[in-house]
Every structure is written in structure tokens, then in C-alpha cells.
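A closer look at the structure
Each chain, written out:
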Amino acid sequence: MPAPETEIAQGKRTKTYVEEVYRQVLAKPGVEDILIMNHSGVPVKTSMDRQEGLQYACLYDNLREKCQAFLAKMEPAQTLTFLRVRTKYHEVLITPDAKITVLVVQNAKDISINMMK
């Protein structure tokens, strides 16, 4: 069985891959929540409670559809590969692909402080 680092480098979307991504992202400074969804938008791993995870997954799906429609108007061959939304207090990072989507909520204040050091 390959090591988790090998699976991540190869891009496989196995349960081990999901667990390793979850562990690595939560270890980053400023991360408050993480939500990993399968290709159907169903949460498979999250630090949120179940109801909140389902709500974020549904809201993400609506946002993804709007962004994809916008990108199609700009350049028809484009697909959404990364989305970053920042407010005064939080930043949401979304990385969708064909098999999983990772949604990370992090503290924007912590990021600003760390970037200035």
C-alpha cells in the first residue's frame, strides 16, 4: 500500500487521501473549519456539525453554478479550479475537482497578521 504522501502526489481520491488532506489543512494556522465533499456535493469529512456542513454544501453548490455560468460567458472553455472569497473576518477557499471539493474557512485576521511578519 502506498504511503499517504505518494497518494497525495499522485492525486488519488481515496479515503486515505481525504483523511490526509483533512489533517494537513486543519494543521495550517488560521483554519477554523474544513468541509470535504464528494463529486455529488455530499459532505464526506468535516470539522463542522452535520447540519452546518450540509448547509455549507448546499450553498457552495449554488455558488459554483453561478461562478461556472459567469466563467462560461467570459471564456466558454474555462472551468472553476479555485475560488477565494474574503470578508473582514473570514476567508473561504474552495478547490473543486472532478472527484472531491475542499472548502476551507479561515480567520482573515490571523492571515493578515501572519502575512505582515
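Going by what an unreviewed UniProt entry lists, the protein chain is known as Dynein light chain roadblock-type 2 and is assigned to Drosophila kikkawai. You can read under Sequence similarities (unreviewed entry) in the UniProt record for the protein chain the words "Belongs to the GAMAD family."

A closer look at the confidence of the model for the protein chain
In this model, the protein chain carries a mean pLDDT of 84, and residues with pLDDT of at least 70 account for 83%. Confidence scores differ between elements of the protein chain, with helix α1 (residues 4-10) showing the lowest mean pLDDT of 44 and strand β2 (residues 43-46) the highest of 96. Confidence drops under pLDDT 50 across residues 112-117; counting only partners more than four residues distant or on other chains, this segment forms two contacts.

A closer look at the side chain of Gln106
The topology assignment puts Gln106 in strand β5 (residues 100-107). At a separation of 2.7 Å, a polar atom in the side chain of Gln106 contacts the side chain of Glu91.

Looking at the sheet that holds β2
Each strand in a sheet pairs with its neighbour through backbone hydrogen bonds, running either in the same direction (parallel) or in the opposite one (antiparallel). Ordered by their spatial adjacency, five strands build an open sheet running β2-β1-β5-β4-β3, and the pairing between neighbours is antiparallel. Across the chains shown, the open sheet's two edge strands, defined by having one partner strand only, are β2 and β3 (83-86). Mean inter-strand twist for the sheet, computed between neighbouring axes without regard to direction, equals 15°. Here seven bridges tie strand β1 (residues 31-38) to β5, and the two strands are oriented antiparallel to one another. The partner of Leu35 across the bridge, within β5, is Leu103. Of the strands in this sheet, β1, β2 and β5 touch helix α2 (residues 15-26), which is tilted by about 165° from β1.

The rules behind each value
- Every residue gets a number counted from 1 within its own chain, in the order that chain's sequence is written.
- Whole-chain, interface and lining totals are the exception, using all residues; otherwise, since this is a predicted model, local features are given only for residues with pLDDT of at least 70 and side-chain atom pairs are given and counted only at 80 or more.
- No hydrogens and no water enter the side-chain calculation; it runs on all heavy atoms of the structure.
- UniProt positions are given in the numbering used here, feature names are shortened, and annotations may be inferred rather than shown by experiment.
- A score from 0 to 100, pLDDT tells how confident the predictor is in each residue.
- The numbering of helices and of strands both runs from the N terminus, where a helix is a DSSP run of H or I of at least 4 residues and a strand a run of E of at least 2.
- We call two residues in contact when some of their heavy atoms are within 4.5 Å.
- Polar contact criterion, stated in full: a pair of N or O atoms within 3.5 Å, where within protein one must be able to donate a hydrogen and the other to accept it, and residues adjacent in sequence count only if both atoms are side-chain atoms.
- Here, any two strands with at least 2 DSSP bridges between them count as paired.
- Fitting a line to C-alpha atoms yields each axis, with helices limited to the stretch in contact; the angle taken between N-to-C directions then spans 0 to 180 degrees.

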